[in-house]
Amino acid sequence: MAADLTAKLPSRISEVKAGNQQVVLLGKELKTGQRAPAFKVVDNNFKTVQLQDFRGKTLLISVVPSIDTGICSLQTKRFNNEVANLPENVVLLTISTDLPFAQKRYCEQEQVADMAVLSDAVWRDFGSSYGLLIKDMGLLTRAILLIDNEGKLHYQQLVPELAQEPDYDAALAALTGLLKQP
């Protein structure tokens, strides 16, 4: 019998709902202003990508449960379109637990080429480090995170309903405000 690698993770009932049910999130709850935890995920070639790879950059991380579903697709395409409006020191990422080959197929089919789409399917390290892994679903909750160029969590938006789009304007306004800081 395989060991449950998530069994020892802290859990909390969140404000996030799937339909009428509140979901339990695994991993430590993060607070803005704290150092962003290290994480490792993989790209569409199974190459390891880590937070430290973006040292000195501002990161907007769009977190989706499953990239090839309606709302997740809209969210990913919206942020892919925003890349052209941002300075070079800003990196946009989408992270889901979809397998890399599925993400690659989706990106080719939907012409998502301006941002990196990364998978947390191998280790679930991102989801557990950021407290975004949904217990008993193997998915990440829908969220937007901003990590400043010094590695601190500057902004966090947990979308209250899995089937709802995030507040893009609030996230982009937070990014604009962050970029204006000295």
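Residues numbered from 1 in each chain as written. Predicted model: local features only at pLDDT ≥ 70, side-chain atom pairs only at ≥ 80, totals over all residues. Heavy atoms only, no water.

(A) View of the overall build of the chain. Broken down by element type, the chain carries 4 helices and 11 strands. Rg of the C-alpha trace for the chain: 15 Å, near the compact-globule value of 16 Å for 182 residues, within the 12% margin. Buried positions account for 47% of the 182 residues belonging to the chain. A sequence separation of at least 24 residues applies to 63% of the contacts in the chain between residues at least 6 apart. Each charge class in the chain was averaged separately, 19 positive and 21 negative side chains, and the resulting centres sit 6 Å apart. (Helix = DSSP H or I, 4+ residues; strand = E, 2+ residues; numbered from the N terminus. Rg over C-alpha atoms; globule rule 2.2 N^0.38 Å. Buried < 20%, exposed > 50% of the residue type's maximum accessible area, 1.4 Å probe, protein only. Contact = heavy atoms within 4.5 Å. Lys, Arg positive; Asp, Glu negative; His and termini not counted. Charge placed at Lys NZ, Arg CZ, Asp CG, Glu CD.)

(B) Main features of the pattern of salt bridges. The tally for this structure, following the rule as stated, stands at 6 salt bridges. The shortest N-O distance in the salt bridge between Glu110 and Lys77 comes to 2.9 Å. Linking Glu110 in helix H2 (residues 100-110) with Lys77 in helix H1 (residues 70-82), this pair joins segments that are 33 residues apart in sequence. Its relative accessible area of 25% is what places Glu110 among the partly exposed residues. Residues joined in a network through salt bridges with shared partners are Arg12, Glu29 and Lys31. (Salt bridge = Lys/Arg side-chain N within 4 Å of Asp/Glu carboxyl O.)

(C) Focus on the side chain of Thr58. Among the secondary structure elements, Thr58 is positioned in strand S5 (residues 58-63). For Thr58, a relative accessible area of 3% translates into the label buried. Leaving out residues up to four positions away in the same chain, Thr58 has contacts with Asn89, Val90, Val91, Ile147, Asp148, Asn149, Leu175, Leu178 and Leu179.

(D) How the structure looks around helix H4 (residues 168-180). Taking 1.5 Å as the rise per residue, H4 with 13 residues should run 18 Å; its terminal C-alpha atoms sit 18 Å apart, in good agreement. All of the buried residues in H4 are Tyr168, Ala171, Leu172, Ala174, Leu175 and Leu178. Take H4 and look down its axis: the buried residues cluster within an arc of 155°, on one side only. Projecting away from the buried face of H4 at angles above 90 degrees are the exposed residues Asp169 and Lys180. Near the N-terminus of H4, the side chain that reaches the backbone nitrogen of Asp169, with its oxygen 3.3 Å away, is that of Asp167. (Expected span 1.5 Å × (residues − 1). Arc of directions from axis to C-beta. Polar contact = N/O pair within 3.5 Å; in protein donor to acceptor, adjacent residues only side chain to side chain.)

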